[in-house]
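# Architecture and fold: a report
Residue strings, one per chain:
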Amino acid sequence: MRTAAETTEVRRPSAVRALTTLLAVTAAATVVVELLHFWYAPERGVGLAVRTGWALLRSLGFLLLIGHVRRGRTVARPLGLILAVTTVLAVGRLIVPRQGVPPLPGLLGFALLTVLCAAVVWLLYRSPALAGHLVRHRSRLVIDRTGVSWREVPPRRPEANGWLLTARVAAFTYSPLMLVPALVAGGAILDGRLAAIPAVLLWVGAGIVTSYAVLFCTAFLLRGRRWARTALVVVTFGVLAVDLPLCWWLLGVDGLVRDGGALVAAALLALYAVGRASRADRDSRADRDSR
């Protein structure tokens with residue numbers, strides 16, 4: 001029999017309800033803007049189809065973020081930040097045609113998404129109510145003396161710095177941001193550029209290897225290992241060294257700007273987050289020594 005305490009529904013702060021509504025609107029706007037741009041695009045080749053499909057997947061990311069916000073998960077902030085930044089970049093690179101000026105509907109849609117994404121980031125990082133709400137960790141299966149239960153369990157490792165979480169989320173975007181232009185470059189093979197096959201295969205392989213390298217680095221990054229920060233910086237520069245030349249060679253300056261620019265933004269965010277986390281550690285050690 002359910003008790004009165006069990007039937008009582010915990011009312012979430014109004015800021016949480018406002019943010020979840022804003023995220024749902026942003027996800028819907030992403031789909032509408034991308035489909036609208038695809039409709040107005042003068043060229044509908046393989047590249048546009050792949051880039052549009054990847055951009056549409058971001059709407060699922062916003063829906064995932066809604067779940068984290070409703071559950072009060074700490075990962076909601078860095079996930080929301082990288083989603084907002086990469087969404088603006090993804091839409092921005094699609095509305096700019098190879099020649100001429102962007103169509104008015106595309107510009108209006110880009111402006112709308114920019115405002116929505118900016119509002120999402122502002123709420124996540126400036127709302128005191130959300131700061132007090134986004135404090136929970138993931139729930140896990142727990143077996144103890146009382147039996148088997150599914151409940152929230154604080155991690156055994158020390159609580160990670162918020163900037164380390166941001167660096168982790170940003171680094172996880174490296175692999176898809178490499179694979180998307182690699183698939184776009186695959187269209188060059190269909191156009192008869194058989195010499196591009198080894199480069200495209202190398203690109204795809206590098207994207208897959210990057211996913212495992214980032215997973216390894218970030219696993220120790222959140223455990224406070226300093227060498228993991230250096231390793232993530234090395235991986236970041238390695239990713240840029242592979243991706244940017246291939247973008248320029250196989251996709252031209254247009255691809256370098258459209259696809260390489262998004263990866264550069266994610267890399268800069270990860271490097272900045274690692275730097276801020278290291279600075280915060282130095283400040284905390286200095287405070288302890290002064291005492």
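Each value, and the rule that gives it
- Residues numbered from 1 in each chain as written.
- Predicted model: local features only at pLDDT ≥ 70, side-chain atom pairs only at ≥ 80, totals over all residues.
- Heavy atoms only, no water.
- Helix = DSSP H or I, 4+ residues; strand = E, 2+ residues; numbered from the N terminus.
- Buried < 20%, exposed > 50% of the residue type's maximum accessible area, 1.4 Å probe, protein only.
- Contact = heavy atoms within 4.5 Å.
- Areas by Shrake-Rupley, 256 points an atom, 1.4 Å probe, with all protein chains shown as cover.
- Core = buried A, V, L, I, M, F, W, Y, C linked by side-chain atoms within 4.5 Å.
- pLDDT = per-residue confidence, 0-100.
- Phe/Tyr/Trp six-rings, centres within 6.5 Å; stacked < 30°, edge-to-face > 60°.
- Patch = residues over 30% accessible without salt bridge, like charges linked within 9 Å, V, L, I, M, F, W, Y side chains within 5 Å.
- Salt bridge = Lys/Arg side-chain N within 4 Å of Asp/Glu carboxyl O.
- Expected span 1.5 Å × (residues − 1).

### So, the overall build of the protein
A count of helical and extended segments in the protein gives ten helices and two strands. Counting the 291 residues in the protein, one finds 41% classified as buried. Taking contacts inside the protein between residues at least 6 apart in sequence as the whole, the part at least 24 apart equals 73%. A total of about 16,100 Å² of accessible surface is found on the protein, and carbon and sulfur atoms cover 65% of it.

### Comments concerning the nonpolar core
The tendency in soluble globular proteins is for nonpolar side chains to be buried as a group. If you look at the biggest cluster of nonpolar residues, it comprises 68 residues, and the most contacted ones within it are L19, L23, Y174 and W203. At the level of secondary structure, the elements contributing two or more residues to this core comprise helix 2 (14-40), helix 3 (46-71), helix 4 (76-95), helix 5 (104-126), helix 7 (162-171), helix 8 (174-190), helix 9 (197-221) and helix 10 (226-290). Those residues in contact with Y174, other than ones at most four positions away along the chain, are T210, V214, T236, V239, L263, A266, A267 and A270.

### Considering the confidence of the model for the protein
Any region with low pLDDT has predicted coordinates that should not be read closely. Mean pLDDT for the protein: 80, with 76% of residues reaching 70 or above. Here helix 1 (residues 4-7) stands out as the least confident element of the protein, with mean pLDDT 41; helix 9 is the most confident, with 92. This model gives residues 1-9 a pLDDT under 50, and the stretch forms two contacts once residues within four places in sequence are excluded.

### Notes on the side chain of T30
The topology assignment puts T30 in helix 2. Given the relative accessible area of 0%, T30 is considered buried. Residues within four places of T30 in sequence aside, it is in contact with A55, L56, F62, T87 and L113.

### Describing the side chain of S175
Along the polypeptide, S175 turns up in helix 8. S175 sits in the buried class, given a relative accessible area of 10%. When residues no more than four places from it in sequence are discounted, the contact partners of S175 are G207, I208, T210 and S211.

### Quick look at the packing of aromatic side chains
Given two aromatic rings, their pairing is described by the distance between the two centres and the angle made by the two planes. Counted by the stated rule, this structure contains four aromatic pairs. Look at W163 and Y272: their rings are 5.5 Å apart centre to centre, the planes differ by 85°, and that puts the pair in the edge-to-face class. Taken together, the residues W163 in helix 7 and Y272 in helix 10 connect sequence positions 109 residues apart. Take W163: its relative accessible area is 25%, and that puts it in the partly exposed class.

### So, a nonpolar patch on the surface
Residues W248, W249, V253 and V257 make up a contiguous nonpolar surface patch of about 480 Å² in total accessible area. Relative to the helices and strands, W249 resides in helix 10.

### Here's the deal with the environment of L251
Tracing the backbone shows L251 in helix 10. Assessed through its relative accessible area of 16%, L251 is described here as buried. Along the primary structure L251 and G187 are separated by 64 residues, whereas in three dimensions their C-alpha atoms are 10.0 Å apart. Those residues in contact with L251 that lie beyond four places of it in its chain are R51, P181, V184, A185, W203, L246 and D259.

### Quick word on helix 7
Of all the ten residues making up helix 7, seven are buried; the element is thus mostly covered by neighbouring parts of the structure. Here helix 7 has its buried residues at L164, L165, T166, A167, V169, A170 and A171.

### Structural notes on helix 5
Think of an α-helix as turning once every 3.6 residues; residues three or four places apart then point the same way. With 23 residues, helix 5 extends 32 Å between its outermost C-alpha atoms, agreeing within 8% with the 33 Å of an ideal straight helix rising 1.5 Å per residue. Of the residues making up helix 5, those classed as buried are G106, G109, L113, L116, C117, V120, L123 and L124.

### Quick look at the environment of M178
Note on placement: M178 falls in helix 8. In this structure M178 comes out as buried when scored by relative accessible area, which is 1%. When the C-alpha atoms of M178 and D243 are compared, they prove to be 6.5 Å apart, with 65 residues separating the residues in sequence. Leaving out residues up to four positions away in the same chain, M178 has contacts with W203, A206, G207, T210, V239, V242, D243 and L263.

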